[in-house]
Amino acid sequence: MRHDVHLAGREALADASELIASFGEHALSEAAVRAHRSRTLGNVVHFCRWREVERMIAMLRDEAVSGAVH
């Protein structure tokens, strides 16, 4: 998985943290469900937002070190 996740703002990290706190190991699935629901409703902005949150959750749960370590 790529770990160079672009964040448009702090909201994605806050949403990811909230989903992890609320849904634990199922947070990634919940973000995917929300993205799918937004896409189904034709809301491109929210679809992109929840996909960003989904990628952030995946990155946060990965314990492997990637990229430069200083």
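Position numbers for residues count from 1 along each chain, tracking the sequence in the order it is written. With pLDDT at 70 or above as the cut-off, local features in this predicted model cover only qualifying residues; side-chain atom pairs require 80 or more to be listed or tallied, and sums for whole chains, interfaces and linings still use all residues. The basis for every side-chain value is the complete set of heavy atoms in the structure, and neither hydrogens nor water enter the calculation.

A. Focus on the side chain of Ser38. Its place among the elements puts Ser38 in helix 2 (residues 27-40). Excluding residues that lie within four positions of it along the chain, Ser38 makes contacts with Asn43, His46, Phe47 and Trp50. A run of DSSP states H or I qualifies as a helix once it reaches four residues; a run of E qualifies as a strand once it reaches two. Both are numbered from the N-terminal end. Working rule for contacts: check all heavy atoms of both residues, and any pair within 4.5 Å makes them a contact.

B. Structural context of the pattern of salt bridges. Salt bridges are defined as contacts in which a side-chain nitrogen from Lys or Arg sits within 4 Å of a carboxyl oxygen from Asp or Glu. For the coordinates displayed, the defined rule picks out three salt bridges. Between Glu30 and Arg34 there is a salt bridge; the shortest N-O distance is 2.8 Å. Taken together, the positions of Glu30 and Arg34, both in helix 2 and four residues apart, correspond to about one turn of that helix. Judged by relative accessible area, Glu30 falls into the buried class, the value being 17%. Whether a residue is buried, partly exposed or exposed follows from its accessible area with a 1.4 Å probe, protein chains only, as a fraction of its type maximum: under 20%, in between, or over 50%, in that order. A relative accessible area of 21% means that Arg34 is categorised as partly exposed.

C. Region of interest: a nonpolar patch on the surface. Nonpolar side chains collect at one region of the surface, where Leu7, Leu13, Ile20 and Leu60 lie side by side and expose about 280 Å² of accessible area between them. Relative to the helices and strands, Leu60 is located in helix 3 (residues 44-61). On the basis of relative accessibility, which here comes to 41%, the residue Leu60 falls in the partly exposed class. Exposure above 30% relative accessible area and the absence of a salt bridge qualify a residue for a patch, where like charges join within 9 Å and nonpolar side chains (Val, Leu, Ile, Met, Phe, Trp, Tyr) within 5 Å. Computed by Shrake-Rupley with a 1.4 Å probe, the accessible areas treat only the displayed protein chains as cover when residues are assessed.

D. Fine view of the nonpolar core. Counting residues in each nonpolar core, the largest one holds ten residues, listed as Ala12, Ala16, Leu19, Ala27, Ala31, Ala35, Trp50, Val53, Met56 and Ile57. A per-element tally of this core places helix 3 first, with four residues. Working definition of a nonpolar core: buried Ala, Val, Leu, Ile, Met, Phe, Trp, Tyr and Cys residues. They are joined through side-chain atoms within 4.5 Å.

E. Seen up close, helix 1 (residues 10-23). Residue count minus one, scaled by 1.5 Å, sets the expected span of a helix. If you check helix 1, its first and last C-alpha atoms are 20 Å apart, about what 14 residues at 1.5 Å a residue would give, namely 20 Å. For helix 1, the secondary structure elements touched by its buried residues are helix 2 and helix 3. At the C-terminal side of helix 1, Gly24 shows a positive phi close to 55 degrees.

F. Focus on the packing of helix 1 against helix 3. Where helix 1 contacts helix 3, the two axes come as close as 9 Å, and the packing angle between them is 65 degrees. Crossing handedness for the pair helix 1 and helix 3: right-handed. Mapping the contact onto sequence places Ala12, Leu13, Asp15, Ala16, Leu19 and Ile20 in helix 1 and Arg49, Trp50, Glu52, Val53, Met56, Ile57 and Leu60 in helix 3. Charged residues are taken to be Asp, Glu, Lys and Arg, nonpolar residues to be Ala, Val, Leu, Ile, Met, Phe, Trp, Tyr, Cys and Pro, and polar residues to be all remaining types, Gly included. Classifying every residue of the contact of helix 1 with helix 3 by side-chain character gives ten nonpolar, no polar and three charged. The angle between two axes is taken between their N-to-C directions and runs from 0 to 180 degrees, where each axis is a line fitted to C-alpha atoms and a helix contributes only its stretch in contact. Definitions for this section: a left-handed crossing has its near helix turned counterclockwise from the far helix by less than a right angle. A right-handed crossing has that turn clockwise.

Shape descriptors only; they carry no functional weight alone.
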